[in-house]
Amino acid sequence: MTPGTDMPEERDPFAYPPRWEADVVLADGGTVHLRPIVPTDAAALRAFHGRLSERTRYFRYFGPYPTIPDKDLTRFSTVDHHDRVAFVALLGDDVVAVGRYERLPGTDSAEVAFVVEDAHQGRGLGSILLEHLAAAARERGLGQFEAEVLAENAQMVRVFRDAGYQVSRAFDEGVLHLEFAVDPTEASVAVAWAREQSAEARSVHNLLHPRSVAVIGASTDPAKVGNAVLRNLLAANFAGPVFPVNPEHRSIRGVRAYPTVLDVPDAVDLAVVAVPAAGVDEVMDACLVKGVKTLVVVSAGFGETGPDGRGAERRLVDEARAHGMRVVGPNALGVVNLDPAVRLNATLAPTLPGPGRTGFFCQSGALGTAILADAAARGLGLSTFVSAGNRADVSGNDLLQYWETDPATDVVLLYLESFGNPRKFARLARRLGRTKPVVVVKSGRNTVLPALAATGVAVDEASVQALFEQAGVIRVESIAQLFDTALLLAHQPLPPGERVAVVGNSSAIGVLAADAAIGHGLVLAGDPVDVGAQAGPDQFAAAVADALQRDDVDSLIVVFVPPIAIPGTAYARALREAAEGLPEADSKPIVSTFLAAEGIPAELAVLGPDGAPTHGSIPSYPSPERATLALARATAYARWRSSPPGTFVRAEGMDPDRANSVVDAALSRAGGAEVELTDDEVVALLDCYGIEVTRDANAELKAVVDVPDYIQRMAPEGISCSIGLQDDPSFGTVVSFGLAGVVSTLLGDRAYRAVPLTDTEAASLVRSPRAAPLLAGFAGGEPADLAALQHLVLRVSAMSEDLPEIRALAIEPILASAAGAFVTGGRVTVGPPPSRHDSGPRRLRPIA
C-alpha cells in the first residue's frame, strides 16, 4: 500500500486518550512501551524507517521507498486519534514498530497496516499492535479492518491468520485482500490469553534462569545488604558468573569487582540492586545502557515511605519497562531457583530449603526470610521462590503464568497482602488450579502497607471468598496452615473421595482425629482402629496396610504415641515401608501425628536422588486436628478439581441491543449520572434477557371493578429468594443468591460468584447458601425447581457482562416452587461503566 495524500486534521494531534498507553510483554519476555503517535515523533519515525531493510520496506509500501519525504513524514506522524490512529512501540527513545489504521470514507471500515524493525521481528509486536488498534477502532465506532498484504509476506499474513478473527480473503495479482470484524471472538480472546501466558511466563523464566548476575552495591561490610546478597549467591554456588559492582574496591569476597555495571566485560542478565534509593536513578541509567534484562531491587526507601518514594518507584518501573526490563521490588527480599542446573539465591535470606517441586510467592521481605527457614525446618523443598517487596512490577499473577507451564513445579503457594489485578488473578488461578493446587494466605483484611496499597486494589471479603472458591484456590488462615497443607500436597496423592480411616495405638488420640474429621466434613470409614499400646512395629504396619487396602477408604490418618519399650523410629520406618509396598499408596494419601514431629521426619521420608524428601514421604503434624484440617482441605480441592469445569453458555431469547437502548435512555435522562431505573424500565430490561416479571392484572380487574393501577397477578406460592449483582470497581461484578427474609439478611446467608458464570457454577451458586436445603425439600417440603433458578442466574450473569453500566441489581422476591421460579419485582441502578482490569488488549498493570 502506497503512502496516502494529505487530509486536513480537525482534532488536536497531541490529544489522545491516556488509557491507550500501555507497557506490554513480548514473546521473548522483554517489554516495550506502546502509545499513540504524536507530531514530535517525526524524527524518531524517520530514524526507524532508515533502519528498515529494503525487503521490509518493500513489504510495507509495495515499492522501494528508501526515504520518507517530508510531506509523508508529517502525515504519518500527525493523526487525529479518531478516524486516523497510529501506535508506536518504543524501546527507550527508539521507535521499533508502528501500526496504524485509517477509516475508509463513509464506512465503518478502516485500512490497517503495521511494520516492525527487522531486529525486532518475531517478538510478537505485530499481534500486539493489531490487538491495540482493534480496541481503539471499536472505541471509535469502527466494525471492520481491511488490509492489503503481498502474498509473499508470509510473516504478516500469519499475524492476521493466527489472531483468532474470522478473516475473509481475496487474491489479485500477488496481493491478498483481507477483511475481518474487529469485535473480539471467543477464538481471538483465547489466542490473546495464550500469548499473554507465554510472554509473561517467559519474562519470569528470564528472571529465574539468568546466565550471569551483577550485584550493584556489593559491599565488604558484612552488615550491609550488598554483602549479604553476594555472600548468598556465592554460597549457593550459582551456575554462572557473579560480578560485584563497587567503585571503591578491586575485589569483594575474593571476586573481582567493577566500578560500574558498564565496566563488566560480559553481558549481564540479572542485576541485583543494593544501593541507597537516592542512587538508584544513576544505577538504572547504567543498566539501561548495559542492556540488563531483569532487575531485583532490594533497596528500601521507595513506595513504603510516602508520596516522594512512590514517585521514585514509578520512575524506576517506567524506565525499566520502557527499556525492555522487568523489575522485582523495590524493597524485595529477592529470588531463588533451586534447580541444580541454576542454583540461584539472589536474596538476603541465609537459610534455604532443599530442592523440591513447590513454588512460593510472597510480598513481605521480612516474612520471606522466616518462610524460607520454616520450609527448610519442615522438609518442604522448593522449586522457585520470589519475594517481591513493594510489587511495583512483577507480581503474583506473573508467577502464576510461569508456574502453569513450569515442569519443575507441582504445587503453588502464595502469601498475598493485596491484589494488583484481582480479576486477572481469578482467571489465572482458575486455569492453573485444574492441574496444580494453589494454596493462599490472604492477609490485609483490614489494613495494607502503604507501598502495597499504591500498587494494589481493595476487594471486599465477600468478593475475595467468591474469587477463591470459584477458582479452586485453597485458602488458609496462617503460614502454619499454609505449610501443613503444602506438605500433604507436595508428598502425597490427592484423595479420591471423602471417606477417611483412622489407625493408631491410642484410643484417645484416635477419637480426637475422628471428631476432627467429621467436624471438617469428612466421612468416617468405620470406628478408629486401635492396635493397642503394646503392639509392635509389625502389628502397627499391618493395621495401616489393612486400612489402606479397604475399598471404603479414600485416605488415612495415622496417630501414634511412642511406647516405652521400643523406639518410635522403628514404628515410623515400619509405617513408611508398609505404604511403599502398596499400590494403594499411590492414590490414597496418608497423614500422621508421629512422635509429635512437625514436617517430614527422616524415618517417614522417601528420599529423591538429591537426598531431599520426595513424593511418597508421609507428613507428620503436632496434633491430629492439624493433620485432619490439611487432609480436609486437600479433599475439598480434589473434589473441585474432579468436578466438570462447566461451559459458558448464553440462553436463547436475549436482546442486548434493546437492553442497551433502555440503559442509554435512562442515563440520558439523568445526564449520564448514576440513576435508578423506573419500574417500567426494570420490566423492559429484564424482558430483554428473557426474565419475565409476573404480569399486571389491571386490565382483567378493571373490566369487573374499579381498581388502582399496578395490581400484580398472584404468583404461585413458593420460597422467597433473591438474585443480586454488586459491582466491585477493582474486581468486577459479583452475582449473589440467597433466600429472602430478615433471618437470611441478619446472618449474611448469601453465596457469591464472579461473572461470567459457567453452567456448573450457576448450579453451585443456588445450592451454596446455608438455607439452600429448604429449596431441595428439607423436612418433607416439596422441592423447588432448581433448574429454573439456575437459568435465571445465567441470564443475570449474561446481562452483567453485556451491560457494564449496571452498578447494582436486585431481583426479589423470586418465588421458587416445583412449578418454577417466578420473578415479582426488581431494582436496577445504572451509571457510567467502571474500567475493567482484565479486558481489552494485553498490557502490564499500570503503576498508579
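All of these numbers come straight from a predicted model, not from anything done at the bench.

## Comments concerning the packing of aromatic side chains
A full pass over the atoms with the stated rule returns 19 aromatic pairs. Ring plane angle 25° and centroid distance 6.4 Å describe the contact between tyrosine 61 and phenylalanine 76, whose orientation is recorded as stacked. One end of the pair, tyrosine 61, is in helix H2 (residues 54-61); the other, phenylalanine 76, is in helix H3 (residues 70-77), with 15 residues separating them in the sequence. Phenylalanine 76 shares its class with tyrosine 61; the two are buried. Considering the side-chain rings of phenylalanine 145 and phenylalanine 180, the 6.0 Å spacing of their centres and the 90° angle between planes classify their relative orientation as edge-to-face. Of this pair, phenylalanine 145 sits in strand S6 (residues 144-150) while phenylalanine 180 is found in strand S8 (residues 175-181), placing the two residues 35 residues apart along the sequence. In this structure, phenylalanine 145 and phenylalanine 180 share a single accessibility class: buried. Put simply, the rings of Tyr101, Phe114, Phe145, Phe160, Tyr165 and Phe180 touch in pairs and so form one group of aromatic residues. The ring of tryptophan 193 has arginine 427 sitting right over it, with the charged end atom 4.1 Å from the ring centre. Arginine 434 extends its terminal NZ or CZ atom over the ring of tryptophan 640, reaching a point 4.1 Å from the ring centre.

## Points about a nonpolar patch on the surface
Where nonpolar side chains cluster on the molecular surface, the patch consists of Val743, Leu746 and Leu747 and spans about 350 Å² of accessible area. By the element assignment, leucine 747 lies in helix H23 (residues 742-747). For leucine 747, a relative accessible area of 54% gives the class exposed.

## As for the packing of helix H17 (residues 537-549) against helix H18 (residues 568-580)
One can describe the packing of H17 onto H18 by two numbers: an axis separation of 9 Å at closest approach and a directional angle of 35°. For the pair H17 and H18, the sense of crossing is right-handed. Every residue of H18 that contacts H17 at Pro537, Phe540, Ala541 and Val544 is listed here: Ala570, Tyr571, Ala574, Leu575 and Ala578. Across the contact of H17 with H18, the residue classes break down as nine nonpolar, no polar and no charged.

## Some words on helix H5 (residues 154-161)
An α-helical turn contains 3.6 residues, so a residue and the one three or four places further along point in the same direction. Regarding H5, the residues found buried are Met156, Val157, Val159 and Phe160. When H5 is viewed along its axis, its buried side chains cluster within an angular range of 155° and face the same direction. Residues of H5 that are buried sit in contact with strand S5 (109-116), helix H4 (125-139), S6 and S8.

## Describing the nonpolar core
Counting 48 residues, the largest nonpolar core has Leu233, Val328, Val335, Leu344, Leu414 and Phe425 as its most contacted members. With five residues, helix H12 (residues 422-432) is the single largest residue contributor to this core. Beyond its immediate chain neighbours, meaning those up to four positions away, leucine 344 contacts Leu207, Leu208, Pro210, Val213, Leu233, Phe238, Leu270, Val335, Val336 and Asn337. Counting 47 residues, the second-largest nonpolar core is a separate cluster that includes Val675, Leu686, Val735 and Ala771.

## Section: the side chain of threonine 829
With respect to the helices, strands and loops of the structure, threonine 829 is situated in strand S34 (residues 826-830). Residue contacts for threonine 829: discarding those within four places in its chain leaves Glu674, Val675, Glu676, Glu805, Ile806, Arg807 and Ala808.

## What to know about the environment of serine 443
Mapped onto the elements, serine 443 comes out in the loop between strand S21 (438-442) and helix H13 (450-455). Not counting the four nearest positions on each side in its chain, serine 443 is found in contact with Tyr415, Leu416 and Glu417.

## Quick word on the sheet that holds strand S22 (residues 474-476)
If you trace the seven strands from one edge of the open sheet to the other, you get S17-S16-S19-S18-S20-S21-S22, paired in mixed fashion. Single-partner strands in this sheet number two, and they are strand S17 (344-347) and S22. On average, each strand axis in the sheet is tilted by 15° relative to the strand beside it, whichever way the strands run. Looking at chain direction, strand S20 (residues 411-416) and S21 are connected through five bridges and run parallel. Its bridge partner being in S21, leucine 416 is matched across the sheet by lysine 442.

## Brief notes about the pattern of salt bridges
A complete count under the given rule lists 41 salt bridges for this structure. Here arginine 321 ties to aspartate 23 by a salt bridge, and the two come within 3.3 Å at their closest N and O atoms. One end of the pair, arginine 321, is in helix H9 (residues 307-322); the other, aspartate 23, is in strand S1 (residues 22-25), and 298 residues separate them in sequence. This pair shows no difference in class: arginine 321 is buried, exactly as aspartate 23 is. Salt-bridge contacts for arginine 314 lead to aspartate 318; the nearest nitrogen and oxygen are separated by 3.2 Å. Highlighted residues: arginine 314 and aspartate 318, both in helix H9, separated by four residues, approximately one helical turn. Within the structure, one salt-bridge network assembled from shared partners comprises Asp23, Arg321, Arg326, Asp393 and Asp398.

## Section: the side chain of serine 219
Turning to its location among the elements, serine 219 is positioned in the loop between strand S9 (213-216) and helix H7 (225-235). Classification of serine 219 by relative accessible area gives buried; the value is 11%. At 3.0 Å, the side chain of serine 219 forms a polar contact with the backbone nitrogen of aspartate 221. Setting aside its immediate chain neighbours within four residues, serine 219 contacts Lys224, Gly226, Asn227, Asn246 and Ile252.

## Digging into the pairing of strand S30 (residues 732-739)
Among the eight residues that make up S30, eight are buried, leaving the element largely enclosed by the rest of the structure. In this sheet, S30 lies alongside strand S29 (residues 719-728) in antiparallel orientation, the contact comprising eight bridges. Bridge pairing in S30 links leucine 725 to valine 735. Pairing of S30 with strand S31 (residues 750-754), which is carried by five bridges, proceeds in the antiparallel orientation. Bridge pairing in S31 places valine 734 opposite alanine 754.

## A short note on a negative patch on the surface
A cluster of like negative charges, contributed by Asp93, Asp94, Glu282, Asp285 and Glu319, occupies part of the molecular surface. For glutamate 282, the location among the structural elements is in helix H8 (residues 280-290).

## Concerning the environment of isoleucine 691
Turning to its location among the elements, isoleucine 691 is positioned in the loop between helix H21 (679-688) and helix H22 (698-702). Along the primary structure isoleucine 691 and isoleucine 811 are separated by 120 residues, whereas in three dimensions their C-alpha atoms are 10.0 Å apart. Not counting residues up to four positions away in its chain, the partners in contact with isoleucine 691 are Leu686, Leu792, Arg795, Val796, Met799, Ile811 and Val823.

## Notes on the packing of H8 against H9
Put simply, H8 and H9 touch, their axes get as near as 11 Å, and they point 5° apart. Taken together, the axes of H8 and H9 are roughly parallel relative to one another. Contact residues: Val280, Asp281, Met284 and Leu288 in H8; Arg315, Leu316, Glu319 and Ala320 in H9. Of the residues in the contact of H8 with H9, the class split is five nonpolar, no polar and three charged.

Criteria and thresholds
Think of each chain on its own: its residues are numbered from 1, step by step along the sequence as written. This being a predicted model, a pLDDT of at least 70 is required before a residue's local features are given, and a value of 80 or more before pairs of side-chain atoms are given or counted; all residues contribute to the totals for chains, interfaces and linings. Values reported for side chains reflect all heavy atoms of the structure, with hydrogen atoms and water molecules removed beforehand. Two aromatic rings, drawn from Phe, Tyr or Trp (for Trp, its six-membered ring), form a pair once their centres lie within 6.5 Å of each other, and the interplanar angle then sorts them: stacked below 30 degrees, edge-to-face above 60, tilted otherwise. Here a helix means four or more residues in a row that DSSP labels H or I, a strand means two or more in a row labelled E, and each is numbered from the N terminus. To sort residues, take the accessible area from a 1.4 Å probe on protein chains only and compare it with the maximum for the residue type: under 20% means buried, over 50% means exposed, and anything in between is partly exposed. A ring is scored as having a charge over it whenever the NZ atom of a lysine or the CZ atom of an arginine sits within 6 Å of its centre and within 35 degrees of its normal. Exposure above 30% relative accessible area and the lack of any salt bridge qualify a residue for a patch; like charges then connect within 9 Å, and the nonpolar side chains Val, Leu, Ile, Met, Phe, Trp and Tyr within 5 Å. All accessible areas in this document rest on Shrake-Rupley with a 1.4 Å probe, and a residue is counted as covered only by the protein chains that are shown. Think of a salt bridge as a Lys or Arg side-chain nitrogen and an Asp or Glu carboxyl oxygen that are within 4 Å of each other. Convention adopted: a line fitted to C-alpha atoms gives each axis, helices being fitted over their contacting stretch, and angles between N-to-C directions are expressed from 0 to 180 degrees. When the near helix sits turned anticlockwise from the far one by under a right angle, the crossing is termed left-handed; a clockwise turn instead gives a right-handed crossing. Should any heavy atoms of two residues lie within 4.5 Å, those residues are considered in contact. All residues other than Ala, Val, Leu, Ile, Met, Phe, Trp, Tyr, Cys, Pro, Asp, Glu, Lys and Arg, Gly among them, are scored as polar; the first ten of these are nonpolar and the last four charged. The arc in question is traced by the directions running from the helix axis to the C-beta atoms. Residues belong to a common nonpolar core when they are buried Ala, Val, Leu, Ile, Met, Phe, Trp, Tyr or Cys residues joined through side-chain atoms within 4.5 Å. The pairing criterion is simple: DSSP has to find at least two bridges between the two strands. In the analysis that follows, any N or O atom pair within 3.5 Å is treated as a polar contact, provided that within protein one partner can donate a hydrogen and the other can accept it, and provided that, for residues neighboring in sequence, both atoms belong to side chains. Positive: Lys, Arg. Negative: Asp, Glu. His and the chain ends are not part of the count. We put the charge of a Lys on NZ, of an Arg on CZ, of an Asp on CG and of a Glu on CD. Working definition: roughly parallel below 35 degrees, roughly antiparallel above 145 degrees, roughly perpendicular at 65 to 115 degrees, and oblique for all remaining angles.

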